[in-house]
Amino acid sequence: MFDTAILIITYNRPDLCIELIDDLCQKGFNNIWVTLDGPKNFADKLKQKDILEYMKSSMIPIKHQNVFGINYGCRNGVIKGITWFFKHNREGIIIEDDVRID
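Residues numbered from 1 in each chain as written. Predicted model: local features only at pLDDT ≥ 70, side-chain atom pairs only at ≥ 80, totals over all residues. Heavy atoms only, no water.

Undergrad: Looking at this model, I keep getting lost on helix α2 (residues 42–57). Mind explaining?
TA: Residues separated by three or four positions in an α-helix point in the same direction, a consequence of the helix having 3.6 residues per turn. Between its first and last C-alpha atoms α2 spans 22 Å; for 16 residues at 1.5 Å apiece the expected length is 22 Å, and the two agree. When α2 is considered as a whole, its buried residues turn out to be D44, Q48, I51, Y54 and M55. Each buried residue of α2 sits inside an arc of 115 degrees when the element is viewed along its axis, so together they form one side. In this structure, α2 carries F42, K45, K56 and S57 as exposed residues pointing more than 90 degrees from its buried face. Against β1 (6–10), α1 (14–26), β2 (32–36) and β3 (64–67) lie the buried residues of α2. The N-terminus of α2 is capped by N41, whose side-chain oxygen sits 3.1 Å from the backbone nitrogen of A43. (Helix = DSSP H or I, 4+ residues; strand = E, 2+ residues; numbered from the N terminus. Expected span 1.5 Å × (residues − 1). Buried < 20%, exposed > 50% of the residue type's maximum accessible area, 1.4 Å probe, protein only. Arc of directions from axis to C-beta. Contact = heavy atoms within 4.5 Å. Polar contact = N/O pair within 3.5 Å; in protein donor to acceptor, adjacent residues only side chain to side chain.)

Structure, rendered in structure tokens:
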């Protein structure tokens, strides 16, 4: 098991986010953090609902979630998510939901 804190930055791609979380867990990572910028529209809200439901119902323990109620945008949402992560971690790995760790 790897205790390294990993922050996943995601938004509205449930398939990629879920695949990444599964992949990290299969590789032995157990300290997964997720930040999710708020939706811009109803379609985004539905996609984000899939991500949140997966995290809630999954056997994978994701204890650290940062979910914004409003959309801060590509720049500010990422900055706020990273700031939140480093308020709780001295170091860690930051990846977006379309990245895979080999």
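So, next bit.
Undergrad: I'm lost on the nonpolar core in this one. Help?
TA: Within soluble globular proteins, side chains that are nonpolar generally end up buried alongside one another. With 17 residues, the main nonpolar core has I8, I21, L24, V34, M55 and I95 as its most contacted residues. Contributions of two or more residues to this core are made by β1, α1, β2 and α2. Of all the elements, α1 adds the most residues to this core, at four residues. Setting aside residues up to four positions removed in sequence, M55 forms contacts with I21, V34, I60, I62 and Q65. By size, the runner-up hydrophobic cluster in this structure holds six residues, among which are A5, L7, I9 and W33. (Core = buried A, V, L, I, M, F, W, Y, C linked by side-chain atoms within 4.5 Å.)

Undergrad: I would appreciate a short explanation of the pattern of salt bridges in the present structure.
TA: Working definition: two side chains of opposite charge can pair if their charged atoms are close together. Enumeration over the complete set of coordinates arrives at five salt bridges. A salt bridge links R100 to E19; its shortest N-O distance comes to 3.4 Å. Here R100, found in the segment after β4 (93–96), pairs with E19, found in helix α1; they are 81 residues apart in sequence, far enough to count as distant. The exposure class of E19 is partly exposed, given its relative accessible area of 46%. (Salt bridge = Lys/Arg side-chain N within 4 Å of Asp/Glu carboxyl O.)

Undergrad: Teacher, can you tell me more about the sheet that holds β2 here?
TA: Two orientations exist for strands paired in a sheet by backbone hydrogen bonds: parallel and antiparallel. Taken in spatial order, the four strands of this open sheet run β3-β2-β1-β4, and their pairing is parallel. A single partner strand is all that each edge strand has here, and the edge strands are β3 and β4. Averaged over all adjacent pairs, the angle separating strand axes in this sheet is 20 degrees, with direction ignored. With respect to the sheet, α2 is in contact with β1, β2 and β3, its orientation differing from that of β2 by roughly 155 degrees. Along the sheet, helix α3 (residues 73–88) contacts β1, β2, β3 and β4; its crossing angle with β1, the most-contacted strand, is approximately 160 degrees. (Pairing = 2+ DSSP bridges. Axes fitted to C-alpha atoms, helices over the stretch in contact; angles between N-to-C directions.)

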